[in-house]
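Listed below are the residues making up each chain.
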Protein chains: 2
Amino acid sequence: MDVINAKLRESSYRLTGQRKAVLNVMLENKGRHLSAEEVLWEARKISPNIGIATVYRTLEKLASLEVLYKSMFEGNKYRYELAEDEKHHHHHVLCLACGLISEVSGDLLHELESDLDEQGYKIIDHELKFYGYCPACNKKK
Amino acid sequence: MDVINAKLRESSYRLTGQRKAVLNVMLENKGRHLSAEEVLWEARKISPNIGIATVYRTLEKLASLEVLYKSMFEGNKYRYELAEDEKHHHHHVLCLACGLISEVSGDLLHELESDLDEQGYKIIDHELKFYGYCPACNKKK
DNA sequence: TATAATTATGATAATGATTATCATTATATA
DNA sequence: TATATAATGATAATCATTATCATAATTATA
Ligand SMILES: [Mn+2]
Ligand SMILES: [Mn+2]
Ligand SMILES: [Zn+2]
Ligand SMILES: [Zn+2]
(Lines give C-alpha, C1' and ligand atoms only; values in the text may rest on other atoms or scores of the structure.)
(Ligands and ions follow the chains in the order given, each with its own letter.)
Protein backbone atom coordinates (compact mmCIF):
# COMPACT_ATOMS: atom_id res chain seq x y z
CA MET A 1 0.00 0.00 0.00
CA ASP A 2 2.89 2.33 0.79
CA VAL A 3 4.55 1.14 -2.38
CA ILE A 4 1.42 1.88 -4.35
CA ASN A 5 1.12 5.31 -2.79
CA ALA A 6 4.71 6.05 -3.70
CA LYS A 7 4.15 4.95 -7.30
CA LEU A 8 1.13 7.22 -7.55
CA ARG A 9 2.97 10.20 -6.13
CA GLU A 10 5.91 9.62 -8.47
CA SER A 11 3.53 9.99 -11.39
CA SER A 12 1.87 12.99 -9.73
CA TYR A 13 -1.45 11.24 -9.59
CA ARG A 14 -3.73 12.44 -6.84
CA LEU A 15 -5.08 9.80 -4.55
CA THR A 16 -8.68 10.96 -4.66
CA GLY A 17 -11.57 9.34 -2.84
CA GLN A 18 -12.63 7.53 -5.99
CA ARG A 19 -9.15 6.17 -6.61
CA LYS A 20 -8.92 5.08 -2.99
CA ALA A 21 -12.20 3.26 -3.45
CA VAL A 22 -10.99 1.40 -6.54
CA LEU A 23 -7.70 0.58 -4.85
CA ASN A 24 -9.48 -0.73 -1.75
CA VAL A 25 -11.66 -2.95 -3.88
CA MET A 26 -8.60 -4.44 -5.54
CA LEU A 27 -6.72 -4.82 -2.26
CA GLU A 28 -9.68 -6.55 -0.63
CA ASN A 29 -9.93 -8.90 -3.57
CA LYS A 30 -6.33 -9.98 -3.70
CA GLY A 31 -6.12 -13.05 -5.92
CA ARG A 32 -9.42 -12.43 -7.71
CA HIS A 33 -9.82 -11.28 -11.29
CA LEU A 34 -12.43 -8.54 -11.51
CA SER A 35 -14.07 -6.88 -14.48
CA ALA A 36 -14.53 -3.11 -14.62
CA GLU A 37 -18.23 -3.56 -13.95
CA GLU A 38 -17.58 -5.68 -10.89
CA VAL A 39 -15.14 -3.10 -9.58
CA LEU A 40 -17.79 -0.43 -10.13
CA TRP A 41 -20.37 -2.18 -7.93
CA GLU A 42 -17.89 -2.75 -5.16
CA ALA A 43 -16.44 0.75 -5.37
CA ARG A 44 -19.90 2.29 -5.11
CA LYS A 45 -20.21 0.83 -1.62
CA ILE A 46 -17.38 3.17 -0.64
CA SER A 47 -17.81 6.02 -3.08
CA PRO A 48 -21.49 5.90 -4.07
CA ASN A 49 -21.37 8.35 -6.96
CA ILE A 50 -18.32 6.99 -8.72
CA GLY A 51 -18.91 6.57 -12.44
CA ILE A 52 -17.83 3.81 -14.78
CA ALA A 53 -15.53 6.18 -16.68
CA THR A 54 -13.53 6.89 -13.54
CA VAL A 55 -13.31 3.19 -12.80
CA TYR A 56 -11.89 2.52 -16.25
CA ARG A 57 -9.50 5.43 -15.99
CA THR A 58 -8.27 4.35 -12.58
CA LEU A 59 -7.85 0.72 -13.56
CA GLU A 60 -5.85 1.77 -16.62
CA LYS A 61 -3.61 4.03 -14.57
CA LEU A 62 -2.97 1.37 -11.98
CA ALA A 63 -2.26 -1.17 -14.69
CA SER A 64 0.21 1.16 -16.37
CA LEU A 65 1.96 1.55 -13.01
CA GLU A 66 1.98 -2.26 -12.76
CA VAL A 67 -0.03 -2.11 -9.60
CA LEU A 68 -2.60 -4.19 -11.43
CA TYR A 69 -2.43 -6.78 -14.17
CA LYS A 70 -4.90 -6.64 -16.99
CA SER A 71 -5.83 -9.70 -18.93
CA MET A 72 -8.59 -10.82 -21.26
CA PHE A 73 -10.51 -13.89 -20.21
CA GLU A 74 -13.99 -14.25 -21.71
CA GLY A 75 -12.82 -13.10 -25.12
CA ASN A 76 -14.45 -9.70 -24.98
CA LYS A 77 -13.88 -8.51 -21.46
CA TYR A 78 -10.80 -7.52 -19.55
CA ARG A 79 -10.23 -8.49 -15.96
CA TYR A 80 -7.90 -6.83 -13.48
CA GLU A 81 -6.06 -8.32 -10.56
CA LEU A 82 -3.72 -7.02 -7.93
CA ALA A 83 -0.10 -7.55 -8.97
CA GLU A 84 1.69 -9.34 -6.18
CA ASP A 85 5.34 -8.93 -7.01
CA GLU A 86 6.25 -12.36 -5.64
CA LYS A 87 4.60 -14.36 -8.39
CA HIS A 88 5.43 -11.68 -10.85
CA HIS A 89 4.77 -13.54 -14.04
CA HIS A 90 2.10 -16.11 -13.53
CA HIS A 91 -0.28 -17.87 -15.86
CA HIS A 92 -3.88 -18.96 -15.77
CA VAL A 93 -6.00 -22.07 -15.86
CA LEU A 94 -9.60 -21.52 -16.87
CA CYS A 95 -12.24 -24.07 -15.98
CA LEU A 96 -14.51 -24.66 -18.96
CA ALA A 97 -17.31 -25.78 -16.65
CA CYS A 98 -17.44 -23.35 -13.73
CA GLY A 99 -15.25 -20.50 -14.93
CA LEU A 100 -12.82 -20.81 -12.06
CA ILE A 101 -9.55 -19.03 -12.71
CA SER A 102 -6.57 -20.61 -11.01
CA GLU A 103 -2.93 -19.80 -11.38
CA VAL A 104 0.27 -21.50 -12.47
CA SER A 105 3.48 -19.98 -11.27
CA GLY A 106 5.87 -22.39 -12.97
CA ASP A 107 7.53 -20.98 -16.01
CA LEU A 108 9.21 -23.40 -18.35
CA LEU A 109 8.75 -21.03 -21.21
CA HIS A 110 12.18 -19.53 -21.02
CA GLU A 111 13.46 -22.31 -23.20
CA LEU A 112 11.06 -21.28 -25.94
CA GLU A 113 12.00 -17.66 -25.37
CA SER A 114 15.70 -18.33 -25.76
CA ASP A 115 15.01 -20.24 -28.98
CA LEU A 116 13.33 -17.10 -30.26
CA ASP A 117 16.20 -14.95 -29.05
CA GLU A 118 18.54 -16.99 -31.20
CA GLN A 119 16.31 -16.42 -34.18
CA GLY A 120 16.63 -12.67 -33.72
CA TYR A 121 13.44 -11.92 -31.83
CA LYS A 122 13.43 -9.71 -28.78
CA ILE A 123 10.78 -11.15 -26.46
CA ILE A 124 9.33 -8.71 -23.95
CA ASP A 125 6.47 -10.64 -22.48
CA HIS A 126 4.32 -13.68 -22.88
CA GLU A 127 0.90 -14.84 -21.86
CA LEU A 128 -0.21 -18.39 -21.41
CA LYS A 129 -3.68 -19.66 -20.77
CA PHE A 130 -4.76 -23.22 -20.14
CA TYR A 131 -8.33 -24.27 -20.80
CA GLY A 132 -9.80 -27.31 -19.14
CA TYR A 133 -11.55 -28.49 -16.01
CA CYS A 134 -10.68 -27.63 -12.44
CA PRO A 135 -10.27 -30.52 -9.98
CA ALA A 136 -13.78 -30.06 -8.61
CA CYS A 137 -15.47 -30.09 -12.00
CA ASN A 138 -13.22 -32.88 -13.21
CA LYS A 139 -14.42 -35.18 -10.41
CA LYS A 140 -18.09 -34.53 -11.12
CA LYS A 141 -17.83 -36.31 -14.47
CA MET B 1 -10.05 -29.41 -49.62
CA ASP B 2 -11.64 -32.82 -50.00
CA VAL B 3 -11.31 -33.23 -46.25
CA ILE B 4 -13.04 -29.93 -45.71
CA ASN B 5 -15.79 -30.85 -48.12
CA ALA B 6 -16.32 -34.12 -46.28
CA LYS B 7 -16.50 -32.34 -42.94
CA LEU B 8 -19.10 -29.96 -44.31
CA ARG B 9 -21.22 -32.76 -45.73
CA GLU B 10 -21.03 -34.69 -42.47
CA SER B 11 -22.58 -31.73 -40.73
CA SER B 12 -25.11 -31.31 -43.53
CA TYR B 13 -23.84 -27.86 -44.36
CA ARG B 14 -24.41 -26.79 -47.91
CA LEU B 15 -21.36 -25.59 -49.78
CA THR B 16 -22.95 -22.46 -51.17
CA GLY B 17 -21.24 -19.90 -53.35
CA GLN B 18 -20.68 -17.63 -50.39
CA ARG B 19 -19.15 -20.39 -48.32
CA LYS B 20 -16.94 -21.39 -51.22
CA ALA B 21 -15.78 -17.79 -51.44
CA VAL B 22 -14.87 -17.63 -47.75
CA LEU B 23 -13.14 -20.99 -47.98
CA ASN B 24 -11.16 -19.90 -51.02
CA VAL B 25 -10.03 -16.77 -49.25
CA MET B 26 -8.76 -18.80 -46.34
CA LEU B 27 -7.11 -21.38 -48.58
CA GLU B 28 -5.38 -18.69 -50.59
CA ASN B 29 -4.12 -17.09 -47.41
CA LYS B 30 -2.66 -20.17 -45.79
CA GLY B 31 -0.49 -19.05 -42.91
CA ARG B 32 -2.07 -15.62 -42.55
CA HIS B 33 -4.32 -14.52 -39.75
CA LEU B 34 -7.33 -12.64 -41.13
CA SER B 35 -10.04 -10.65 -39.43
CA ALA B 36 -13.68 -11.04 -40.44
CA GLU B 37 -13.55 -7.66 -42.14
CA GLU B 38 -10.49 -8.64 -44.16
CA VAL B 39 -12.17 -11.87 -45.21
CA LEU B 40 -15.20 -9.86 -46.29
CA TRP B 41 -13.22 -7.66 -48.69
CA GLU B 42 -11.44 -10.63 -50.22
CA ALA B 43 -14.60 -12.71 -50.46
CA ARG B 44 -16.42 -9.91 -52.26
CA LYS B 45 -13.97 -10.26 -55.14
CA ILE B 46 -15.47 -13.70 -55.68
CA SER B 47 -18.99 -13.25 -54.36
CA PRO B 48 -19.66 -9.52 -54.66
CA ASN B 49 -22.87 -9.38 -52.66
CA ILE B 50 -21.78 -11.42 -49.69
CA GLY B 51 -22.66 -9.74 -46.40
CA ILE B 52 -20.67 -9.47 -43.20
CA ALA B 53 -23.20 -11.63 -41.34
CA THR B 54 -22.61 -14.53 -43.69
CA VAL B 55 -18.86 -14.13 -43.33
CA TYR B 56 -19.15 -14.32 -39.55
CA ARG B 57 -21.50 -17.28 -39.76
CA THR B 58 -19.23 -19.14 -42.15
CA LEU B 59 -16.07 -18.44 -40.17
CA GLU B 60 -17.78 -19.68 -37.01
CA LYS B 61 -18.94 -22.85 -38.70
CA LEU B 62 -15.52 -23.56 -40.16
CA ALA B 63 -13.91 -22.91 -36.80
CA SER B 64 -16.31 -25.28 -35.07
CA LEU B 65 -15.35 -27.93 -37.63
CA GLU B 66 -11.70 -27.18 -36.84
CA VAL B 67 -11.10 -26.21 -40.43
CA LEU B 68 -10.08 -22.82 -39.07
CA TYR B 69 -8.51 -21.63 -35.86
CA LYS B 70 -9.87 -18.58 -34.16
CA SER B 71 -7.75 -16.47 -31.89
CA MET B 72 -7.81 -13.02 -30.38
CA PHE B 73 -4.87 -10.78 -31.21
CA GLU B 74 -5.45 -7.05 -30.88
CA GLY B 75 -7.45 -7.47 -27.71
CA ASN B 76 -10.77 -6.70 -29.30
CA LYS B 77 -10.71 -8.51 -32.58
CA TYR B 78 -10.64 -12.15 -33.56
CA ARG B 79 -8.51 -13.46 -36.37
CA TYR B 80 -8.96 -16.68 -38.30
CA GLU B 81 -6.38 -18.89 -39.93
CA LEU B 82 -6.45 -22.11 -41.87
CA ALA B 83 -5.80 -25.07 -39.60
CA GLU B 84 -2.97 -27.09 -41.05
CA ASP B 85 -3.09 -30.36 -39.18
CA GLU B 86 0.70 -30.75 -39.28
CA LYS B 87 1.47 -27.99 -36.83
CA HIS B 88 -1.73 -28.71 -35.00
CA HIS B 89 -1.06 -26.83 -31.86
CA HIS B 90 1.13 -23.86 -32.53
CA HIS B 91 1.71 -20.58 -30.77
CA HIS B 92 2.25 -16.99 -31.73
CA VAL B 93 4.82 -14.26 -31.54
CA LEU B 94 3.48 -10.74 -31.95
CA CYS B 95 5.78 -7.92 -32.95
CA LEU B 96 5.04 -4.86 -30.83
CA ALA B 97 6.43 -2.59 -33.55
CA CYS B 98 5.06 -3.84 -36.89
CA GLY B 99 2.33 -6.23 -35.80
CA LEU B 100 3.89 -9.19 -37.55
CA ILE B 101 2.48 -12.49 -36.36
CA SER B 102 4.94 -15.36 -36.52
CA GLU B 103 4.58 -18.85 -35.20
CA VAL B 104 6.28 -21.15 -32.73
CA SER B 105 5.69 -24.83 -33.17
CA GLY B 106 7.75 -26.05 -30.23
CA ASP B 107 5.71 -27.12 -27.28
CA LEU B 108 7.49 -27.49 -23.98
CA LEU B 109 4.28 -26.86 -22.14
CA HIS B 110 3.43 -30.47 -21.64
CA GLU B 111 5.49 -30.44 -18.48
CA LEU B 112 3.29 -27.72 -17.06
CA GLU B 113 0.23 -29.60 -18.23
CA SER B 114 1.26 -32.81 -16.53
CA ASP B 115 1.90 -30.89 -13.31
CA LEU B 116 -1.68 -29.69 -13.53
CA ASP B 117 -2.89 -33.22 -14.28
CA GLU B 118 -1.35 -34.38 -11.04
CA GLN B 119 -3.17 -31.63 -9.21
CA GLY B 120 -6.49 -32.93 -10.52
CA TYR B 121 -7.01 -30.61 -13.45
CA LYS B 122 -8.09 -31.91 -16.84
CA ILE B 123 -6.37 -29.72 -19.40
CA ILE B 124 -8.06 -29.57 -22.80
CA ASP B 125 -6.19 -26.82 -24.52
CA HIS B 126 -3.79 -23.98 -24.04
CA GLU B 127 -2.87 -20.78 -25.75
CA LEU B 128 0.43 -19.01 -25.60
CA LYS B 129 1.34 -15.64 -26.95
CA PHE B 130 4.73 -13.98 -26.96
CA TYR B 131 4.98 -10.21 -27.24
CA GLY B 132 8.12 -8.57 -28.46
CA TYR B 133 9.99 -7.50 -31.56
CA CYS B 134 10.45 -9.46 -34.73
CA PRO B 135 14.02 -9.83 -36.08
CA ALA B 136 13.52 -7.02 -38.60
CA CYS B 137 12.22 -4.52 -36.05
CA ASN B 138 14.74 -5.66 -33.49
CA LYS B 139 17.62 -4.77 -35.82
CA LYS B 140 16.27 -1.30 -36.52
CA LYS B 141 16.90 -0.23 -32.93
C1' DT C 1 -43.60 -31.63 -61.39
C1' DA C 2 -45.76 -28.96 -57.83
C1' DT C 3 -45.55 -28.14 -53.12
C1' DA C 4 -44.00 -28.05 -48.57
C1' DA C 5 -40.14 -27.92 -45.36
C1' DT C 6 -35.55 -26.65 -44.44
C1' DT C 7 -31.57 -23.95 -44.72
C1' DA C 8 -29.04 -19.86 -46.10
C1' DT C 9 -28.62 -15.05 -47.01
C1' DG C 10 -28.23 -9.94 -46.56
C1' DA C 11 -29.83 -5.73 -44.57
C1' DT C 12 -30.13 -3.77 -40.57
C1' DA C 13 -30.92 -3.27 -35.65
C1' DA C 14 -29.24 -4.46 -31.16
C1' DT C 15 -25.66 -5.45 -27.87
C1' DG C 16 -21.96 -4.74 -24.82
C1' DA C 17 -17.45 -3.34 -23.58
C1' DT C 18 -14.55 0.39 -23.98
C1' DT C 19 -13.22 5.19 -25.23
C1' DA C 20 -13.99 10.08 -26.18
C1' DT C 21 -16.12 14.44 -25.15
C1' DC C 22 -17.21 18.13 -22.35
C1' DA C 23 -19.06 20.90 -18.82
C1' DT C 24 -18.40 21.01 -13.95
C1' DT C 25 -15.83 20.38 -9.70
C1' DA C 26 -11.86 19.69 -6.77
C1' DT C 27 -7.14 20.47 -5.76
C1' DA C 28 -2.71 22.64 -5.85
C1' DT C 29 0.15 26.62 -6.58
C1' DA C 30 1.44 31.49 -6.86
C1' DT D 1 -7.63 34.93 -3.25
C1' DA D 2 -6.81 34.13 -8.11
C1' DT D 3 -5.29 30.92 -11.46
C1' DA D 4 -3.68 26.91 -13.48
C1' DT D 5 -4.13 21.96 -13.51
C1' DA D 6 -6.15 17.60 -12.78
C1' DA D 7 -10.18 14.70 -11.93
C1' DT D 8 -14.92 13.51 -12.27
C1' DG D 9 -19.46 11.90 -14.05
C1' DA D 10 -22.93 11.95 -17.53
C1' DT D 11 -23.44 10.77 -21.80
C1' DA D 12 -22.38 10.15 -26.66
C1' DA D 13 -19.52 7.67 -29.85
C1' DT D 14 -17.08 3.58 -31.42
C1' DC D 15 -16.45 -0.87 -33.00
C1' DA D 16 -16.64 -5.82 -33.23
C1' DT D 17 -19.91 -9.16 -32.90
C1' DT D 18 -24.67 -11.13 -32.56
C1' DA D 19 -29.63 -11.22 -33.22
C1' DT D 20 -33.66 -10.47 -36.02
C1' DC D 21 -36.40 -11.02 -39.85
C1' DA D 22 -38.10 -10.96 -44.40
C1' DT D 23 -36.67 -13.05 -48.60
C1' DA D 24 -34.34 -16.40 -51.52
C1' DA D 25 -32.30 -20.81 -52.54
C1' DT D 26 -32.15 -25.66 -51.93
C1' DT D 27 -33.88 -30.11 -50.75
C1' DA D 28 -37.42 -33.44 -49.61
C1' DT D 29 -41.97 -35.09 -50.40
C1' DA D 30 -46.49 -36.04 -52.38
MN1 LIG E 1 -3.95 -14.11 -12.06
MN1 LIG F 1 -1.13 -19.10 -36.38
ZN1 LIG G 1 -14.57 -25.84 -12.54
ZN1 LIG H 1 8.21 -6.22 -36.40
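Residues numbered from 1 in each chain as written. Chains lettered and ligands numbered in written order. Predicted model: local features only at pLDDT ≥ 70, side-chain atom pairs only at ≥ 80, totals over all residues. Heavy atoms only, no water.

### Overview of the relation of the copies chain B and chain A
Structural alignment of chain B on chain A gives an RMSD of 0.1 Å, achieved by rotating through 180 degrees and translating 0.0 Å along the axis. Such a turn and shift between the copies fits a two-fold axis. The position closest to the rotation axis in chain B is occupied by the C-alpha of L128 of chain B, lying 2.1 Å away. In this assembly, 100% of the residues forming the interface of chain B have copies in chain A that are likewise at the interface, indicating an isologous arrangement. (Least-squares fit on C-alpha atoms with pLDDT ≥ 70 in both. Contact = heavy atoms within 4.5 Å.)

### Re the domain arrangement of chain A
All names here are of chain A. Here chain A is partitioned into domain 1 (2–82) and domain 2 (91–140). The junction of domain 1 with domain 2 conceals about 490 Å² of combined surface from both sides, 52% of it contributed by carbon and sulfur atoms. When the area that domain 1 buries against domain 2 is broken down by residue, the three leading residues are H33, S71 and F73, summing to 75%. Connecting domain 1 to domain 2 are zero salt bridges. Seen at the junction of domain 1 and domain 2, the total is five residue pairs in polar contact (both at pLDDT 80 or more). The set of elements that each furnish at least two residues to the side of domain 1 that touches domain 2 consists of β1 (68–72) and β2 (78–82). Its residues placed into classes, the side of domain 1 that touches domain 2 shows two nonpolar, three polar and two charged. (Domains from an automatic or database assignment. Buried area = accessible area lost by both parts, 1.4 Å probe. Salt bridge = Lys/Arg side-chain N within 4 Å of Asp/Glu carboxyl O. Polar contact = N/O pair within 3.5 Å; in protein donor to acceptor, adjacent residues only side chain to side chain. Helix = DSSP H or I, 4+ residues; strand = E, 2+ residues; numbered from the N terminus. Nonpolar A, V, L, I, M, F, W, Y, C, P; charged D, E, K, R; others polar.)

### What to know about the protein's contact with DNA strand C
Taken together, 18 residues surround DNA strand C, and among them Y56 and Y78 of chain A together with T16, T54 and R57 of chain B come closest. For DNA strand C, the backbone portion of the atoms within 4 Å of the protein, that is sugar and phosphate, comes to 70%. The separation between a sugar or linking oxygen of DNA strand C and a polar side-chain atom of R14 of chain B is 3.1 Å. Between a phosphate oxygen of DNA strand C and a main-chain N or O atom of G51 of chain B, the distance comes to 3.3 Å. For the surface near DNA strand C, the secondary-structure elements that each account for two or more residues are α4 (52–64) of chain A together with α2 (17–27) and α4 (52–64) of chain B. Residues belonging to the surface near DNA strand C are distributed by class as follows: six nonpolar, six polar and six charged. (Near = heavy atom within 4 Å.)

### Looking at the coordination of the manganese ion (ligand 2)
The reference angle at a metal is 109.5 degrees if four donors form a tetrahedron and 90 or 180 degrees if six donors form an octahedron. All names here are of chain B. In this structure, H33 (NE2), E81 (OE), E81 (OE), H90 (NE2), H92 (NE2) and E103 (OE) serve as the protein donors to the manganese ion (ligand 2), at separations of 2.2 to 2.5 Å. If you look at the manganese ion (ligand 2), its six donor atoms make angles of 52 to 172 degrees with each other, and the shape they trace is irregular. Each donor residue of the manganese ion (ligand 2) belongs to the same chain, with the gaps between them written as H-x47-E-x8-H-x1-H-x10-E. Of this pair, E81 sits in strand β2 (residues 78–82) while E103 is found in strand β4 (residues 101–104), placing the two residues 22 residues apart along the sequence. Given a relative accessible area of 26%, E103 falls into the partly exposed group. (Donors = N, O, S within 2.8 Å, 3.2 Å for Na, K, Ca; no water. Tetrahedral: all angles 85-135°; square planar, octahedral: opposite > 155°, others 65-115°. Buried < 20%, exposed > 50% of the residue type's maximum accessible area, 1.4 Å probe, protein only.)

### Things to note about the protein's contact with DNA strand D
Around DNA strand D there are 18 residues in total, and T16, R19, T54 and R57 of chain A together with Y56 of chain B lie nearest to it. Expressed as a percentage, the sugar and phosphate content of the atoms of DNA strand D within 4 Å of the protein is 72%. R19 of chain A is positioned with one of its side-chain polar atoms (N or O) 2.8 Å from a phosphate oxygen of DNA strand D. Here a phosphate oxygen of DNA strand D sits 2.8 Å away from a polar atom, N or O, in the side chain of T54 of chain A.

### Observations concerning the packing of aromatic side chains
What the rule picks out here adds up to zero aromatic pairs over all chains. Note that K129 of chain A overlies the ring of F73 of chain A, its terminal NZ or CZ placed 4.8 Å from the centroid. (Phe/Tyr/Trp six-rings, centres within 6.5 Å; stacked < 30°, edge-to-face > 60°. Lys NZ or Arg CZ within 6 Å of the ring centre and 35° of its normal.)

### A few points about unusual backbone geometry
For residues besides glycine, phi is generally negative; the peptide bonds are generally trans as well. The phi angle at E66 of chain A is positive, at roughly 60 degrees, despite the residue not being glycine. Mapped onto the secondary structure, E66 of chain A falls in the loop between α4 and β1.

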